[in-house]
Amino acid sequence: MARPGPDGSDSGPSGHPGVPGAGRAAAAPGVAGNEPVPRLAPPVPEAAGRRHGVPEEPGRPPRWRLFVAVPVAGAVAQALAAWIAGGRHQRPGLKWVRAQDLHITLRFLGERPVDGIPALVAAGARAARAAAPMELEVRGVGGFPTAGRARTVWAGVGRGAAALAALAADLERELLAAAPDLQPAGQPFRAHITLARVRGGWIDLDGWPHAAAARHRLWGRLPATEMVLFRSELRPGGPVYTALHRWPLGEAAGPSLDGPGSQG
């Protein structure tokens, strides 16, 4: 049962506060490669920006809330979705993640100027070229900050976590070089897939049989072949994610990104 905690905030070790996966996907995530790069939509009008948690100031360039992640799809997503369905039935008060929104956050960027996105794409391309496709072992269920007082419920990454951490470190270095005003990641990277978030309190996963039974469960092996730049729009029903750019790992992926209002 969820119990009152000190606060309902969530900031996972990846430095991705409140975003990693509790929304509805506006673009089809997944690991299918070589999809066309979506054109950026026109900026959200000022009034709409305020409704969606992105306030605009007169004369200020539009800013979008962004993060970079490895999508979770296939058999692993299906296995986690089945566990989530059981958890939602038992604990409907938690904010559960939809299967199509599952991902491993590499870097939360926060609100960034739209006109600076091409530089971020170029930085991501450099990090992706230096990496290689990898297989990740997704295993277990845990919680942040602890399993006994969890505000975030997650699935972990076993084998492959070191390679993923190296990719995150390369990405961090390239992003900081491309965007000097970007604040360095505030916490060490720890690969995880957010499954649920507690509303305004915490939950004891050790005392919940549904979670305790899955503590060491192998969910499957996830082929990680790309990383994706997502836009997150905060909506009353939960954040909506839109894939802006996909970088295949280990391949030459140039900074091809169309700006707002482009025609074609």
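This structure is a prediction, so every number in the text was calculated from the model and none was measured.

## Brief notes about the environment of Ala155
Right, so step 1: Within the secondary structure layout, Ala155 lies in strand β7 (residues 150-157).
Right, so step 2: In this structure the C-alpha to C-alpha distance between Ala155 and Gly142, which are 13 residues apart in sequence, comes to 6.3 Å.
Right, so step 3: Once you skip the residues sitting within four places of it in the chain, Ala155 turns out to touch Leu80, Val138, Arg139, Gly140, His192, Ile193, Leu195 and Trp219.

## With respect to the pattern of salt bridges
Right, so step 1: On inspection of all chains with the given rule, the structure shows ten salt bridges.
Right, so step 2: Across the salt bridge formed by Glu174 and Arg126, the nearest N and O atoms sit 2.8 Å from each other. On the criterion of sequence distance, the pair formed by Glu174 in helix α4 (residues 161-178) and Arg126 in helix α3 (residues 117-130) is long-range, its members being 48 residues apart.
Right, so step 3: Note on Glu174: relative accessible area 22%, which makes it partly exposed.
Right, so step 4: With its nearest N and O atoms 3.8 Å apart, the salt bridge here joins Glu233 to Arg231. The pair formed by Glu233 and Arg231 is uniform in burial state, with each residue classed as buried.
Right, so step 5: Among the charged side chains, a network of salt bridges with common partners joins Glu137, Arg139 and Arg221.

## Section: helix α2 (residues 74-90)
Right, so step 1: In this model, α2 (17 residues) spans 25 Å end to end at C-alpha, consistent with the 24 Å of a helix rising 1.5 Å per residue.
Right, so step 2: Buried within α2 we find Val76, Ala77, Leu80, Trp83, Ile84 and Gly87. The buried residues of α2 occupy one face: seen down the axis, they fall within an arc of 130°. Among the exposed residues of α2, those pointing more than 90 degrees away from its buried face are Ala75, Gln78, Ala82 and His89.

## Concerning the packing of α3 against α4
Right, so step 1: Relative to each other, α3 and α4 sit at 145°, their axes nearing to 8 Å. Crossing of α3 against α4: the hand is right-handed. Between α3 and α4, the residues in contact are Ala119, Leu120, Ala123, Gly124, Arg126 and Ala127 and Leu167, Asp170, Leu171, Glu174, Leu175 and Ala178, respectively.
Right, so step 2: A class-by-class count of the residues in the contact of α3 with α4 yields eight nonpolar, one polar and three charged.

## Considerations on the nonpolar core
Right, so step 1: Counting residues in hydrophobic clusters, the biggest one holds 60 residues, and the most contacted among them are Trp83, Ile104 and Met227.
Right, so step 2: Tallying contributions element by element places α3 first for this core, with seven residues.
Right, so step 3: Contact partners of Trp83, with chain neighbours within four places excluded, come to Trp96, Val141, Val153, Leu195, His210, Ala211, Ala214, Arg217 and Trp219.
Right, so step 4: In this structure, Phe67, Ala69, Phe230 and Tyr241 belong to the second largest nonpolar core, which totals seven residues.

## A word on the confidence of the model for the protein
Right, so step 1: Averaged over every residue, the pLDDT of the protein is 81; residues scoring 70 or more account for 73%.
Right, so step 2: Counting contacts from residues 1-54, a segment whose pLDDT is below 50, to residues more than four positions away or on other chains yields 148 contacts.
Right, so step 3: Considering only residues more than four positions removed or in separate chains, one finds that residues 253-264, a stretch of pLDDT under 50, has 28 contacts.

## Let's talk about the pairing of strand β6 (residues 134-145)
Right, so step 1: Counting buried positions along β6 yields nine of twelve residues, so the element is predominantly enclosed.
Right, so step 2: Pairing geometry for β6 and β7, over seven bridges, is antiparallel. Pairing of Gly142 across the sheet is with Trp154, part of β7.
Right, so step 3: Hairpin geometry of β6 and β7 is characterised by an intervening segment of four residues between the two adjacent antiparallel strands.

## A short note on the packing of aromatic side chains
Right, so step 1: This model, assessed by the stated rule, comprises eight aromatic pairs.
Right, so step 2: With 6.4 Å between their ring centres and 70° between their planes, Trp83 and Trp219 make a pair best called edge-to-face. Of the two residues, Trp83 is situated in helix α2 and Trp219 in strand β10 (residues 218-224); the sequence distance between them amounts to 136 residues. One exposure class covers both Trp83 and Trp219, and it is buried.

## Examining the pairing of β7
Right, so step 1: Within β7, eight of the eight residues are buried, which leaves the element mostly enclosed by the surrounding structure.
Right, so step 2: Of the strand pairs in this sheet, β7 and strand β8 (residues 192-197) are connected by five bridges, and their pairing is antiparallel. What sits directly across from Ala155, in β8, is Ile193.

## Quick word on the environment of Pro188
Right, so step 1: For Pro188, the position within the fold is in the loop between α4 and β8.
Right, so step 2: For Pro188, a relative accessible area of 68% translates into the label exposed.
Right, so step 3: The spacing of Pro188 and Ala169 is 19 residues in sequence and 9.7 Å in space, taken between C-alpha atoms.

Definitions and limits used
Residues numbered from 1 in each chain as written. Predicted model: local features only at pLDDT ≥ 70, side-chain atom pairs only at ≥ 80, totals over all residues. Heavy atoms only, no water. Helix = DSSP H or I, 4+ residues; strand = E, 2+ residues; numbered from the N terminus. Contact = heavy atoms within 4.5 Å. Salt bridge = Lys/Arg side-chain N within 4 Å of Asp/Glu carboxyl O. Buried < 20%, exposed > 50% of the residue type's maximum accessible area, 1.4 Å probe, protein only. Expected span 1.5 Å × (residues − 1). Arc of directions from axis to C-beta. Axes fitted to C-alpha atoms, helices over the stretch in contact; angles between N-to-C directions. Left-handed = near helix turned anticlockwise from the far one by under 90°. Nonpolar A, V, L, I, M, F, W, Y, C, P; charged D, E, K, R; others polar. Core = buried A, V, L, I, M, F, W, Y, C linked by side-chain atoms within 4.5 Å. pLDDT = per-residue confidence, 0-100. Pairing = 2+ DSSP bridges. Phe/Tyr/Trp six-rings, centres within 6.5 Å; stacked < 30°, edge-to-face > 60°.

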